[in-house]
Each structure stands twice: as C-alpha cells, then as structure tokens.
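# Notes for the structure review
Chain by chain, the residues:
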Amino acid sequence: MIGCVKFVFRMLHDFYLPNRQRLKLWQREGESYEHVLMKALGYAMFIQEYPNMQVEAKLRLRYKPDLVAFDEKGELEFWGECGQNSIKKTHWILKHTRVKRLVLFKIGMNAIESLIKQIRQQIPEKYRQNKLLLVNFVSDIVDLTASKNIEEIPEEWFTKFLV
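Residues numbered from 1 in each chain as written. Predicted model: local features only at pLDDT ≥ 70, side-chain atom pairs only at ≥ 80, totals over all residues. Heavy atoms only, no water.

## Some points on the overall build of the protein
Put simply, the rule is: Strands are runs of DSSP state E lasting at least 2 residues, helices are runs of H or I lasting at least 4, and numbering of each runs from the N terminus. C-alpha atoms define the radius of gyration in this analysis, and the globule rule sets the expected value at 2.2 Å times the number of residues to the power 0.38. For each residue, the accessible area found with a 1.4 Å probe, counting protein chains only, is set against the maximum for its type, and the residue is called buried under 20%, exposed over 50%, and partly exposed in between. Pairs of residues are marked as contacts when any of their non-hydrogen atoms sit within 4.5 Å. Here the Shrake-Rupley method, with its probe set to 1.4 Å, supplies the accessible areas, and only the displayed protein chains count as covering residues.
If you tally the helices and strands in the protein, you get five helices and eight strands. Along its sequence from the N terminus, the protein presents helices and strands in the succession β-β-α-β-β-β-α-β-α-α-β-α-β. Its C-alpha radius of gyration of 17 Å places the protein within 12% of the 15 Å reference for a compact globule of 163 residues. Across the 163 residues that make up the protein, the buried fraction comes to 47%. Residue pairs in contact within the protein that sit at least 24 positions apart in sequence constitute 51% of those at least 6 positions apart. With the model as given, the accessible surface of the protein reaches about 9,900 Å², and the carbon-plus-sulfur share is 47%.

Right, here's the structure in full:
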C-alpha cells in the first residue's frame, strides 16, 4: 500500500524517586507495564548503592541488562534483570561477565522456592556465591505504586533471597 504509515506504540512513564529524583521510562510496543515498573523499582532500590546506574545500557555482550552499573575502573558492578529470565541466561551472565552483583526482579512469583532450587542445581555455587539476589515484589505492586511515587519502597512490598 502506498502512503501506509505504521504507528509504533510507546508510552512514557514518569516515576518519582528518593531525593526528589525522577526517572522517565518508555514502555515499548509489546513490553508490559510490569516490566517497566520493575526497572523503576529496581533502580529506586539500588541507586543509592550504585549512583551511576543506567537503564538498558547497550553493552557489547550476548545479553542486554535492564539495569547496569560500573565501578570506577569500568568493571561491571551491578546487573539487574526484570521479569522472565531463563536460568541459562542467568548462568551465562554470572559465568562470562564477572559482575559483582546480579539481581533478578520478579512480581508475585508463587513458586519462588522452586526457582531457587532450580538455580542452585543448575548454576554452580562458584558463579553465584554472594552475587545472585532475587527480589520478589508482592503481587499487588502495580496497585501499590499506581501514583508512580516510589520515593520509599517499604519492606512489605518485596522479599529478598540470596541464591
């Protein structure tokens, strides 16, 4: 068809963070709001510890992180993965990037113990030792953050597991 224009769905979300910061994230076509929200929550939870954190920075690696931070030497210090993530991908990141902290963010995952057991069985401890953290947000996190004000993330909103 001549003159046909394809529209790409994108929506801008504006989150309010600690210390009067704001984080604006685009929701791309096919991306769930929950995925965007996990990136914002992960950013808010760890920005104090990793002040140079970036969202979806392009790296010359097999995978692209949702959240990433480097130390002063340019070494990977933090990698955040939001939502669905295969154990194979998690293993690859831990084995090949030498990242100091990998955090997997989930929402309302009921079978969390089963996932942890699978990870422990399939990824050798030498790769995940004191590096791999799983953060599971409560299932109603979308409602709790409807105002997009995440200046505070109360401990009742999530559970952390060192894997």
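Here the narrative resumes, following the displayed structure.
## As for the packing of aromatic side chains
For clarity, the threshold we go by: Any two rings among Phe, Tyr and Trp, with Trp reduced to its six-membered ring, count as a pair given centres within 6.5 Å; such a pair is stacked if its planes are under 30 degrees apart, edge-to-face if over 60, and tilted if neither.
Counted by the stated rule, this structure contains seven aromatic pairs. Residues phenylalanine 46 and phenylalanine 105 carry aromatic rings whose centres are separated by 6.2 Å and whose planes lie at 70° to one another, so their mutual orientation is edge-to-face. Taken together, the residues span a long stretch of sequence, with phenylalanine 46 in helix α1 (residues 33-46) and phenylalanine 105 in strand β6 (residues 101-107) at a distance of 59 residues. Looking at phenylalanine 105, the relative accessible area reads 0%, which means it is buried. Residues phenylalanine 137 and phenylalanine 158 carry aromatic rings whose centres are separated by 6.4 Å and whose planes lie at 70° to one another, so their mutual orientation is edge-to-face. Separated by 21 residues along the polypeptide, phenylalanine 137 in strand β7 (residues 132-137) and phenylalanine 158 in strand β8 (residues 158-162) bring together distant segments of the chain. What makes phenylalanine 137 buried here is its relative accessible area of 1%. Three or more aromatic residues joined by ring pairs form one cluster here, namely Phe46, Tyr50, Phe78, Phe105, Phe137 and Phe158.

## What about the pairing of β6?
What counts is decided by this rule: Pairing between two strands requires that DSSP report at least two bridges joining them. Here a crossover is taken to be right-handed if, once the strands point away from the viewer, the path from the first strand over the helix to the second is traced clockwise.
Across the seven residues of β6, five count as buried, placing the element largely inside the fold. Inspection of the sheet shows strand β5 (residues 76-82) paired to β6 by five bridges, in the parallel sense. Bridging across to β6, glycine 80 finds its partner in valine 103. Once you follow β5 into helix α2 (residues 87-96) and on to β6, the crossover reads as right-handed. Judged from the six bridges that link them, β6 and β7 form a sheet pairing that is parallel. Looking across to β7, one finds that lysine 106 is bridged to asparagine 136.

## Comments concerning helix α3 (residues 112-122)
Spelled out, the test is: The directions from the helix axis to the C-beta atoms form the arc being described.
Among the residues of α3, those classed as buried are Ile112, Leu115, Ile116 and Ile119. Projected onto a plane normal to the axis of α3, the buried residues spread over an arc of 100° and lie on a single side. Away from the buried face of α3 by more than 90 degrees, exposed residues Glu113, Lys117 and Gln121 are located.

## A look at the nonpolar core
Rule in force here: Here the nonpolar core consists of buried residues drawn from Ala, Val, Leu, Ile, Met, Phe, Trp, Tyr and Cys, with membership extended through side-chain atoms lying within 4.5 Å.
Core analysis: the biggest nonpolar cluster contains 31 residues, and Phe15, Phe46, Met53, Phe78, Phe105 and Phe137 have the highest contact counts within it. Of all the elements in the fold, those that place two or more residues in this core are β2 (22-27), α1, β4 (67-70), β5, β6 and β7. Per-element tally for this core: the top contributor is α1, with 10 residues. Leave out the neighbours within four places in its chain, and methionine 53 touches Tyr43, Phe46, Ile47, Leu67, Val68, Ala69 and Phe78.

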